[in-house]
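Notes for the structure review
Listed below are the residues making up each chain.
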Amino acid sequence: MRVNVIVNGEQRQADNVWEGESLLYVLRERLGLAGSKNACEQGECGSCTVYLDGVPACACLVAAGQAEGREVRTVEGLADGENLDPIQESFVECGAVQCGFCTPGLLVTAHDLVARTENPSDAEIREALAGNLCRCTGYEKILDAVRLAAARKEHA
């Protein structure tokens, strides 16, 4: 089957998609957007989190056909050309990137939190990121990055 989807603001299509193929597979293997990572394939780790019609979703749990005609925004779509999104800048500045495997999902999830919550508390940040697993850190630098991005948004 053919799947037509708007990815990062651009109309895209993937041909010869089989029925059980995930949106994650289509994004990575058919459309060349390798930012979202394939880790658990069970929706447990959050590494593949993307926006689907403006709502964060694990792309590994979405059948490609379910994305037909819908809008997907990946970690690549957070930046504006060469200009990183403030959440991306904060992750770099705070050293919140270790091996990078969990980072794309954390960025999308944190981006969503900062966009919808003014000055999130530590408890709100932890709750928002609870579905994103990082095997490299103790999460403190990740929390620092979200705090920094939220503070910058508040003062912008």
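To be clear, the structure that these remarks concern was listed above.
The paragraphs below set out a description of the structure included in this document. Since the structure is predicted, the reported quantities are computational estimates derived from the model, not experimental observations.

In the contact formed by helix 3 (residues 103–116) and helix 5 (residues 140–155), the axes pass within 10 Å of each other and the chain directions differ by 35 degrees. The two elements helix 3 and helix 5 meet at a crossing, and its hand is right-handed. Contacts between helix 3 and helix 5 involve L106, A110, L113, V114 and A115 on the former and, on the latter, I142, V146, A149, A150 and K153. Partitioned by chemical class, the residues of the contact of helix 3 with helix 5 number nine nonpolar, no polar and one charged.

Looking at chain direction, strand 1 (residues 3–7) and strand 2 (residues 10–14) are connected through five bridges and run antiparallel. Each bridged residue has a counterpart across the sheet, and for I6 the counterpart in strand 2 is Q11. Turn length for the strand 1-strand 2 hairpin, with the two strands adjacent in sequence and antiparallel, is two residues, and the turn residue N8 shows positive phi of about 50 degrees.

The subject of this paragraph is helix 5. Helix length check: helix 5 (16 residues) gives 23 Å between terminal C-alpha atoms against 22 Å at 1.5 Å per residue, within 8%. Residues of helix 5 that are buried include every one of I142, L143, A145, V146, A149 and A150, and no others. Each buried residue of helix 5 lies within a common arc of 160 degrees when the element is viewed along its axis, so the set occupies one face. Next to the buried residues of helix 5 lie helix 2 (86–94), helix 3 and helix 4 (122–128).

Here strand 3 (residues 49–52) shows two buried faces, one formed by T49 and Y51 and the other by V50 and L52. In the sheet, strand 3 pairs with strand 4 (residues 55–58) via four bridges, with the strands oriented antiparallel. By the bridge assignment for strand 4, V50 is matched with A57. Connecting the antiparallel pair strand 3 and strand 4 is a turn made up of two residues, with D53 showing a positive phi of about 50 degrees. As paired strands, strand 3 and strand 5 (residues 71–73) are joined by two bridges and run antiparallel to one another.

Mapping G81 onto the fold places it in the loop between strand 5 and helix 2. Judged by relative accessible area, G81 falls into the exposed class, the value being 65%. The spatial distance from the C-alpha of G81 to the C-alpha of T103 is 19 Å, given a sequence separation of 22 residues.

Reading guide: rules and limits
- Position numbers for residues start from 1 in each chain and track the written sequence from start to end.
- With pLDDT at 70 or above as the cut-off, local features in this predicted model cover only qualifying residues; side-chain atom pairs require 80 or more to be listed or tallied, and sums for whole chains, interfaces and linings still use all residues.
- Think of the side-chain values as coming from all heavy atoms in the structure, minus any hydrogens and water.
- To define axes, lines are fitted to C-alpha atoms, for helices over the stretch in contact only, and angles between the resulting N-to-C directions are given on a 0 to 180 degree scale.
- A run of H or I in DSSP becomes a helix once it reaches four residues, and a run of E becomes a strand once it reaches two; helices and strands are each numbered from the N terminus.
- Note on convention: near helix rotated counterclockwise from far helix by under a right angle means a left-handed crossing. Clockwise means right-handed.
- Here, residues are in contact when the closest pair of their heavy atoms is within 4.5 Å.
- All amino acids are sorted into three groups, where Ala, Val, Leu, Ile, Met, Phe, Trp, Tyr, Cys and Pro are nonpolar, Asp, Glu, Lys and Arg are charged, and the leftover types, Gly among them, are polar.
- The pairing criterion is simple: DSSP has to find at least two bridges between the two strands.
- Helix span, expected: 1.5 Å multiplied by one less than the number of residues in the helix.
- Relative accessibility thresholds used throughout: buried, under 20% of the residue-type maximum; exposed, over 50%; partly exposed, between the two (1.4 Å probe, protein chains only).
- The arc refers to the directions leading from the helix axis to the C-beta atoms.

From the geometry alone we can't say anything about function, so treat these as descriptive.
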